[in-house]
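Listed here are the chains, written in short residue letters.
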Amino acid sequence: MSAFVTGVSVILTLELRQRVRTISWYVLIGVFIGLIAIVTVVLSVALRGFGADDSGGAGIYSTIIYFVLLLGTLVAPALSGNAINGDRDAGTLATTQVTLITTWQLIIGKFLAAWITALAFLAASVPFLIYASIVGRLSAGAIAVSILILAIELGVVAAIGVGLSGLVSRPLFSVVLSYLAVAALSIGTLIAFTLGGLAVQSQVTNTSSYGVTYSDSGQAISCSPVETYTYSTPRFDRFWGVLAANPYVVLADAVPSTFDRNGYPTDLFGQIKFGVRSAQITPETEIGYDECADGPPESSPTAQEVIDSTTPGWFVGLMIHLILAGRCAHRGVGTHENPRSATRSGQPHRLRSHYPSQAASEKCSTTSRTAG
């Protein structure tokens, strides 16, 4: 076990050293910190102007977390999408092949390097997160869950990129496929949810009668004739499960919600959760209202009531992401395994390179000298 960890540590160290040597990496971190600072200042002024109960701290915190997730999902595919085939094109994979590094050690080491690199953006935003959590008086549970889910989602993206770099021979194609996978989870789920809900609709019959004359107390005495009309309503309740695979929805749905005195969410997590949970509610197809008989219309349920009465789905989406990441990584390993040589020698599988082995090179050289 110690030998396996040592091999992973070697690959991880080499990958991280290569990344920190470039000036562009520090420039990217600096730009990110500058953007986070601007967002924090602007939101602090804007939310305090709207009279937020917590001076906007909860909203600032959730916005920063989503900003880190956005930038991490944009950077991680570029860092991990060419992890394996990039080394093959550079000619360094053959050098690694003649060492004692196994396939799994190489895959895990490169995955951890890409993951840690993505987590660097989270580390850079820690001072701003501390400020927002103190100002917003956030609970320890909300902070811990949001950071944990964020770290897992960044790891999922890194694992998908490394796995695809082992499946696809061209680095450009594997990077593009990694971005497409992220886009399918982030944007594709929203498109599928919207199109599915709009494609399947139900007819709603609305029968209503409103007050014409009122008493001094405001109660309707006489009402207008009953009017009946029909219209179509989208059935988003049949497709809300598609959103469970969206990483932004997973993050929002997992974080415990906080509400103001009116039952409205105080952060971006709760607002997204409220929108997704509202899609679970089945629309009524028969609506009737008579103001003379029913009195004033009832108020709509608050966001807190909607969230408390609906079903969370973040654990399903998180399981889908983990299975997808594990499957991609496993397929990437399987593509580069050499079962025949492992069966004969009993040694761990090695990465196959597209370059000739040392024995083959010596054989070709001997053949050439003999022919000469």
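If you're wondering where the values come from, they're calculated on a predicted model, not measured in any experiment.

Some words on the confidence of the model for the chain
The share of residues in the chain with pLDDT of 70 or more is 83%, and the mean pLDDT across the chain is 81. The spread of mean pLDDT over the elements of the chain runs between helix α15 (residues 339–345), the lowest at 40, and helix α10 (residues 247–254), the highest at 95. Below pLDDT 50 for its whole length, residues 338–372 participates in 37 contacts with residues either more than four positions away or in separate chains.

Here we look at the pairing of strand β2 (residues 211–214)
Strand direction decides the pairing type here: β2 and strand β3 (residues 220–223), joined by 3 bridges, are antiparallel. Directly across from Thr 213, in β3, lies its bridge partner Ser 222. Hairpin connection, β2 to β3: the antiparallel pair is bridged by 5 residues, and Gly 218 has positive phi, about 90°.

A few points about the sheet that holds strand β5 (residues 286–290)
Read from one edge of the open sheet, 3 strands run β4-β1-β5, paired in mixed fashion. Each having just a single partner strand, β4 (227–234) and β5 make up the two edges of the open sheet. Averaged over all pairs of adjacent strands, the angle between strand axes in this sheet comes to 20°, irrespective of strand direction. Alignment of strand β1 (residues 201–209) against β4, held across 8 bridges, turns out to be antiparallel. Of the residues in β4, the one forming a bridge with Gln 201 is Pro 234.

Observations regarding the environment of Ala 37
Secondary-structure assignment places Ala 37 in helix α2 (residues 23–49). Considering only alpha carbons, one finds Ala 37 and Pro 127, 90 residues apart in sequence, at a separation of 9.8 Å.

Brief notes about the nonpolar core
The tendency in soluble globular proteins is for nonpolar side chains to be buried as a group. Judged by nonpolar contacts, the single largest core of 37 residues is most densely connected at Phe 121 and Leu 251. Those elements that provide at least two residues to this core are α2, α3 (57–80), α6 (103–124), α7 (126–136), α8 (140–167) and α10. At 11 residues, α3 tops the list of elements feeding residues into this core. One finds Ile 11, Ala 83, Leu 106 and Ala 158 within the second-largest nonpolar core, a separate group that totals 17 residues.

With respect to the pattern of salt bridges
Applying the stated rule across the entire model yields 3 salt bridges. For Asp 237, the salt bridge identified is with Arg 235, shortest N-O distance 2.9 Å. An identical accessibility class is assigned to Asp 237 and Arg 235; each is buried.

Structural notes on the side chain of Thr 189
Position of Thr 189 among the secondary structure elements: in helix α9 (residues 171–199). Within the structure, the side chain of Thr 189 is placed 2.9 Å from the side chain of Asn 246, a separation counted as a polar contact. In this view, Thr 189 contacts Ala 184, Val 242, Leu 243, Ala 245 and Asn 246; residues no more than four positions away in its chain are not counted.

Considering the packing of aromatic side chains
Scanning the entire structure with this criterion turns up 9 aromatic pairs. Residues Tyr 66 and Phe 269 carry aromatic rings whose centres are separated by 5.4 Å and whose planes lie at 50° to one another, so their mutual orientation is tilted. Linking Tyr 66 in helix α3 with Phe 269 in helix α11 (residues 268–278), this pair joins segments that are 203 residues apart in sequence. In this pair, the class of Tyr 66 matches that of Phe 269, namely buried. Cluster of aromatic residues (ring-pair linked, three or more members): Trp 25, Phe 32, Phe 67 and Phe 121.

Here's the deal with a nonpolar patch on the surface
A contiguous nonpolar patch, built from Ile 23, Val 27, Val 31, Leu 35, Ile 38 and Val 42 and spanning about 560 Å² of accessible area, is present on the exposed surface. As for its position among the elements, Leu 35 is in helix α2.

A word on the packing of α6 against α7
Contact geometry of α6 with α7 gives a least axis separation of 5 Å together with a crossing angle of 45°. One way to sum up the angle between α6 and α7 is to call them oblique. In this structure, α6 contributes Leu 122, Ala 123 and Ala 124 to the contact, and α7 contributes Val 126, Pro 127, Phe 128 and Leu 129. Here the residues of the contact of α6 with α7 sort into 7 nonpolar, no polar and no charged.

Calculation rules
Residues numbered from 1 in each chain as written. Predicted model: local features only at pLDDT ≥ 70, side-chain atom pairs only at ≥ 80, totals over all residues. Heavy atoms only, no water. pLDDT = per-residue confidence, 0-100. Helix = DSSP H or I, 4+ residues; strand = E, 2+ residues; numbered from the N terminus. Contact = heavy atoms within 4.5 Å. Pairing = 2+ DSSP bridges. Axes fitted to C-alpha atoms, helices over the stretch in contact; angles between N-to-C directions. Core = buried A, V, L, I, M, F, W, Y, C linked by side-chain atoms within 4.5 Å. Buried < 20%, exposed > 50% of the residue type's maximum accessible area, 1.4 Å probe, protein only. Salt bridge = Lys/Arg side-chain N within 4 Å of Asp/Glu carboxyl O. Polar contact = N/O pair within 3.5 Å; in protein donor to acceptor, adjacent residues only side chain to side chain. Phe/Tyr/Trp six-rings, centres within 6.5 Å; stacked < 30°, edge-to-face > 60°. Patch = residues over 30% accessible without salt bridge, like charges linked within 9 Å, V, L, I, M, F, W, Y side chains within 5 Å. Areas by Shrake-Rupley, 256 points an atom, 1.4 Å probe, with all protein chains shown as cover. Parallel < 35°, antiparallel > 145°, perpendicular 65-115°, else oblique. Nonpolar A, V, L, I, M, F, W, Y, C, P; charged D, E, K, R; others polar.

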